[in-house]
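So the chains spell out like this:
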Amino acid sequence: MIKSFRKNIKGIVIEGITLVSALLIIAIVIIMLTVIIIGGKDQLSWEFLTSFPTDGMTKGGIFPAIYGTALLVIIMSIAAVPFGTITAIYLTEYAKENSVIAKTIRFAVRTLAVIPSIIYGLFGLGFFIKFVGAHIDGAFFGGELKWGQPNLLWASLTMSLLTLPVVIVSVEEALKTVPQELRAASLALGATKWQTIRKVVIPGSISGIMTGTILAVSRGAGEVAPILFTGAAYYLATLPGLGDQFMVLGYHIYVLTTQSANVDQTLPIQFGTTCVLLLLTFILNMSAVILRYRIRKKKTN
Amino acid sequence: MASEKIIKNLLKASSVIILLIFAGMAYSMIKGAIPAFKEFGLFGFIFSTDWNPTEGNESYGALPFVAGTVITSLLALVICFPLAFSTSLFIAEYYRKTKIATMLSTLVDLLAGVPSIVYGLWGFYTIRPLIAELGYSGQGYGIFTSGLILAIMIIPYATSISNEIISMVPTELKEAAYSLGATRMEVIFNVILPNARSGLVAGYILALGRALGETMAVTMLIGNANIIPTGLFSPGNTMASVIANQFGEADGLKLSSLIAIGLLLFAVTAAVNAIGKVIIRKYA
């Protein structure tokens, strides 16, 4: 009797501990959101989103940073999504599970997925800027420095390398939810393999491709480390083109917090920018979660 | 059927580009790191504590940064483990399949999507002043502050992997134990834990891999002192944050040394993740 009572107490204590940890995590989230929202809410206005910084970054808006972030993720997606989708299609539809090439590609994708983002920055500078860019300058601009320096294009391509594994993994997951019977039926009707993929497999996994894209965009919008040396800039008076440096939300937060001369004066802008970035990633991730939930549901049906 | 074959080869060719990117990355890192390794020797570089950019006396070593990275990441793991593990017991065992568990695991997933820089800003304005207030370190920068924020950052990964592993323990086993009169606690300790142990170990190793490479938040909080940390609240520097801080204006031997540090970081994270994956594949 006494023994089982003791056991009971212990059991209740352990359940209590799990409850406390769950609450602690919720508390951390709430504190973090509260601090950021309270710090930034007075900034959030249409004007903040649509105007340029003024008075040495202490006033005005963050429009160039929003514009830069948008261009960055668009160019990144144009590079990463088709390419990631093709690789996923090759891996699931064509390559034999145990062939050397499929195994090697999978190994490369897995490893790329865990490489720290700062390493992509190193690579982007070394490869895109110092190698590709410098050669373009040498070949077409007579050695004049044009593409051999940090800019929007190189930063976007660096970011696309980082997000490529995200796309591949999501698309592969979606391709696997298309039932084998559908493929077999299409082939039995005389369709070729490529026709089957184009008309049956890809339409059936379009939501997976979208999830992958959204996740990649959300990741790309928030990462700072890969673009530190490949194109992000502190302040620009004009909107960037492909060959220019650019402002971006995450980097804006970083420089204002750590490198501006008057940190206190830019405080509201730091928090305001963080609010915008957080809102953006939340919306993107939430839609990815919903989409993925729908895919999983379809899979179990 | 010629066109079918062409398409297949096209797809194959563009998939192979991934391999080329991977090889290109490895090659350019190794090539960039060679001057530093040549100058200081492989082990000389890894185990030297010098970081002296004065011209003529240039000497670079990776040990302070390796130490900073390892200590902050392990600290993060130690803080994260009890929290993530008991939360996943909550989600995957005690309140399994209830609304609150689904909500909590969605929240945790969303937390995983918060950019590093946001954690950095929050740590900078909330945790750092708190540490300073408590009098542990002057301005609140240091190993502990970074480790704490890293722990919060890896909680989502650790929790969702633990959730998956714990919910994979066969229901039959648990039911058998209950039918023998075991209490829930006994089921957790005698059925779930032994079955999930290796999966959990692997999960936390993967979370460690995340912590090792985190850059922005740590850079904002660690204090950027190129020394081997002397205590829990001492400032330091990690491999990722020294690159973030100094790569922009580096050249010559310093540039090569920073790339060499990047190569070390690359190797360490790849190895840690490979170990985690092997354990998962072997036991889970």
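1. Considering the overall build of chain B
Each helix and strand in chain B was counted, giving 11 helices and 2 strands. Structurally, chain B occupies a C-alpha span of about 75 × 75 × 30 Å along its principal axes. Considering chain B as a whole, with its 284 residues, one finds that 55% of them fall into the buried category. Surface summary for chain B: the accessible area is close to 12300 Å², and the carbon and sulfur share equals 64%.

2. Brief notes about the interface of chain B and chain A
Contact with chain B, which involves 70 residues of that partner, is made by 74 residues of chain A. Taken together, the two surfaces of chain B and chain A that pack against each other cover about 6500 Å², and 83% of this comes from carbon and sulfur. On inspection of chain B and its partner chain A, the count reaches 0 salt bridges. In this structure, the connection of chain B to chain A is made through 6 residue pairs in polar contact (both at pLDDT 80 or more). A breakdown of the residues in the side of chain B that touches chain A according to their chemical character gives 45 nonpolar, 18 polar and 7 charged.

3. Focus on the environment of A:Gly126
All names here are of chain A. By the secondary structure assignment, Gly 126 is in helix H5 (residues 117-140). The partly exposed category is assigned to Gly 126, whose relative accessible area is 35%. Sequence spacing of Gly 126 and Tyr 90 is 36 residues, and the spatial spacing of their C-alpha atoms is 29 Å.

4. Topic: the environment of A:Gln259
Within the secondary structure, A:Gln259 is located in the loop between helix H10 (249-258) and helix H11 (263-300). For the pair A:Gln259 and A:Tyr234, spaced 25 residues apart in the sequence, the C-alpha separation amounts to 9.6 Å.

5. Here we look at the nonpolar core
Formed by 175 residues in total, the largest nonpolar core has its most connected members in A:Ile118, A:Leu228, B:Phe45, B:Ile117, B:Tyr119, B:Phe247 and B:Ile261. Counting residues per element, this core draws most heavily on helix H8 (residues 184-213) of chain B, at 14 residues. Here this core gathers at least three residues from each of two domains, domain 1 (2-52) and domain 2 (62-283) of chain B. With residues up to four places along the chain from it excluded, the contact list for B:Phe247 reads A:Leu122, A:Leu125, A:Phe229, B:Val242, B:Leu255, B:Leu258 and B:Ile259.

Quick notes on the rules
Residues numbered from 1 in each chain as written. Chains lettered and ligands numbered in written order. Predicted model: local features only at pLDDT ≥ 70, side-chain atom pairs only at ≥ 80, totals over all residues. Heavy atoms only, no water. Helix = DSSP H or I, 4+ residues; strand = E, 2+ residues; numbered from the N terminus. Buried < 20%, exposed > 50% of the residue type's maximum accessible area, 1.4 Å probe, protein only. Areas by Shrake-Rupley, 256 points an atom, 1.4 Å probe, with all protein chains shown as cover. Contact = heavy atoms within 4.5 Å. Buried area = accessible area lost by both parts, 1.4 Å probe. Salt bridge = Lys/Arg side-chain N within 4 Å of Asp/Glu carboxyl O. Polar contact = N/O pair within 3.5 Å; in protein donor to acceptor, adjacent residues only side chain to side chain. Nonpolar A, V, L, I, M, F, W, Y, C, P; charged D, E, K, R; others polar. Core = buried A, V, L, I, M, F, W, Y, C linked by side-chain atoms within 4.5 Å. Domains from an automatic or database assignment.

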